[in-house]
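Each chain, letter by letter, is given below.
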Amino acid sequence: MLVEFRVKNFRSIRAEQRLSLVADKDSTYEESHLIETGNSAIPRLLKSAVVYGPNAGGKSNLINALAFMRTIVATSATQIREGQQFNCPAFKLDSKSKEQPSEFELTFINQGVRYQYGFSLTPERVIEEWLLVYKTAKPQMWFSRHFNAKSGKDEYDLGSHLTGQRALWQESTRSNALFLSKAVDLNSERLRPIFLWIVEGLIIFGAGSQPVFDFSVGYAQTEEGKVALLHFLNAADLSIADMTFENKKMKQFGFHLEDGKPPLQTLTEFEAPMPIFLHQAEEGTATFEIQDESTGTQRFFAFAGPILDVLKNGRVLIVDELDNSLHTLMIKFLISQFHSTNNNTQGAQLIFTTHDTSLLDHEIFRRDQIWLVKKDPAQATILYPLTDFSPRKKEALGRGYLMGRYGALPFLTDFEL
């Protein structure tokens, strides 16, 4: 369960920004919208959070920062080569920030234990890395790492709670790799749950993207999965009576990289199962391949498998512009699955950005679930909660937002051609 994400000096984000899923003391929708964590220090977390703001306000960069952190944890030890730079753009609109490292930190709860993991880096190397573990109110420092610019070396402080081949992990960690990732690559069983929670527990889709169909197709390969998927699709009024799968020839282009040689383009041909949907009407039946369905149906099908998996396994789904090509009522339907006490029994969470103000409704969200972004005079992103404005319990939030009561709106001026 995600508790908090912090990011500093990444794209439009200059000062540290914080997204928290810790519930406040409000008693609204306690049973449906909150998770009982089993952790005494943070007893209740939100099942969902939504982020509003103008175009170019920084909503996407918040999601991009989460995706970047997850990617570096997943790949730095195994896929990034010695000397390869990180694609980590710092805030560019002041001279100081461009020279400073970017910083990322996740706090999450796994099996009742709270973890606080983070790192800072420049395009060239990791500058700092740390892991705190809260099995009680007092934190255990499992490891910290700091780059000493004078000596040109990393300095480590490894706590006694981190057992295993610590010297080997330390010696094997390159300057452009994370200690966490390398230790897990070298079979650290104590750090593996932390690594897996970040890499497998965060399911992230950026703006304009969606899951490949393969996940939903794979989910439906068992009878139980197929029944659940069909039921989910038809609960959203897609009128699909049945689905079958047919192997189709596919082509995949890629590149083969070798040191000292230019990239070589490759072409791989393979067969993959693609869904065929059966539609029934009063005057007949017909089958449709996935590409013949509407864009909205394709997008909903692509998300259906991942959403069911997230709900089943208690993961965190993070989507930029969830409402893209989907009707408002379908978005409300998706949100309701995470707020359902029947369908979300494992502590799954949903975080998404949107411009759909009809979702700013006290019947859908608690006030502490709503976040906003704006830009300050230096064009840096500022992230803040709706609760900063102390709105009333049944305040017309959508109307108040469009009237400018909470900020995070575009400032439009007259234009004449």
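For the structure, see preceding data.
Residues numbered from 1 in each chain as written. Predicted model: local features only at pLDDT ≥ 70, side-chain atom pairs only at ≥ 80, totals over all residues. Heavy atoms only, no water.

Caption draft 1: Structural detail: the overall build of the protein. Scanning the protein from N- to C-terminus turns up 11 helices and 18 strands. For the protein, whose C-alpha radius of gyration is 23 Å, the value lies close to the compact-globule estimate of 22 Å for 417 residues. Out of the 417 residues belonging to the protein, those deemed buried represent 50%. Side chains of the protein carry 44 positive and 50 negative charges; the gap between the two charge centres is 7 Å. (Helix = DSSP H or I, 4+ residues; strand = E, 2+ residues; numbered from the N terminus. Rg over C-alpha atoms; globule rule 2.2 N^0.38 Å. Buried < 20%, exposed > 50% of the residue type's maximum accessible area, 1.4 Å probe, protein only. Lys, Arg positive; Asp, Glu negative; His and termini not counted. Charge placed at Lys NZ, Arg CZ, Asp CG, Glu CD.)

Caption draft 2: Region of the structure containing the packing of helix α2 (residues 59-75) against helix α6 (residues 192-201). Here α2 crosses α6 at 130 degrees, and the two axes come no closer than 9 Å. The angle between α2 and α6 places the two elements in the oblique class. Pair α2 / α6 crosses with left-handed handedness. Contact residues: Arg70, Val73 and Ala74 in α2; Phe195, Ile198 and Val199 in α6. (Axes fitted to C-alpha atoms, helices over the stretch in contact; angles between N-to-C directions. Parallel < 35°, antiparallel > 145°, perpendicular 65-115°, else oblique. Left-handed = near helix turned anticlockwise from the far one by under 90°. Contact = heavy atoms within 4.5 Å.)

Caption draft 3: Up close: the side chain of arginine 145. Residue placement: arginine 145 occurs in strand β9 (residues 140-148). For arginine 145, a relative accessible area of 2% puts it in the buried group. One polar contact links arginine 145 to aspartate 154, side chain to side chain, over a distance of 3.2 Å. Polar contacts involving the side chain of arginine 145 include one to the main-chain carbonyl oxygen of alanine 177, which spans 2.8 Å. (Polar contact = N/O pair within 3.5 Å; in protein donor to acceptor, adjacent residues only side chain to side chain.)

Caption draft 4: Representation of the sheet that holds strand β10 (residues 153-158) within the structure. Sheet architecture is open: seven strands sit in the order β2-β1-β6-β7-β8-β9-β10, paired in antiparallel fashion. The sheet terminates laterally at β2 (17-20) and β10, the two strands that pair on one side only. Strand after strand, the sheet turns through a mean of 10 degrees between neighbouring axes, direction not considered. The pairing of strand β7 (residues 113-121) with strand β8 (residues 126-134) spans eight bridges and is antiparallel. Note on β8: the bridge partner recorded for serine 120 is glutamate 128. Sitting on the sheet, α2 is in contact with β1 (2-8), β2, β6 (102-110) and β7, with an inclination near 95 degrees to β7. Against the sheet, α6 engages β1, β6, β7, β8 and β9, with an angle of about 105 degrees to β6. (Pairing = 2+ DSSP bridges.)

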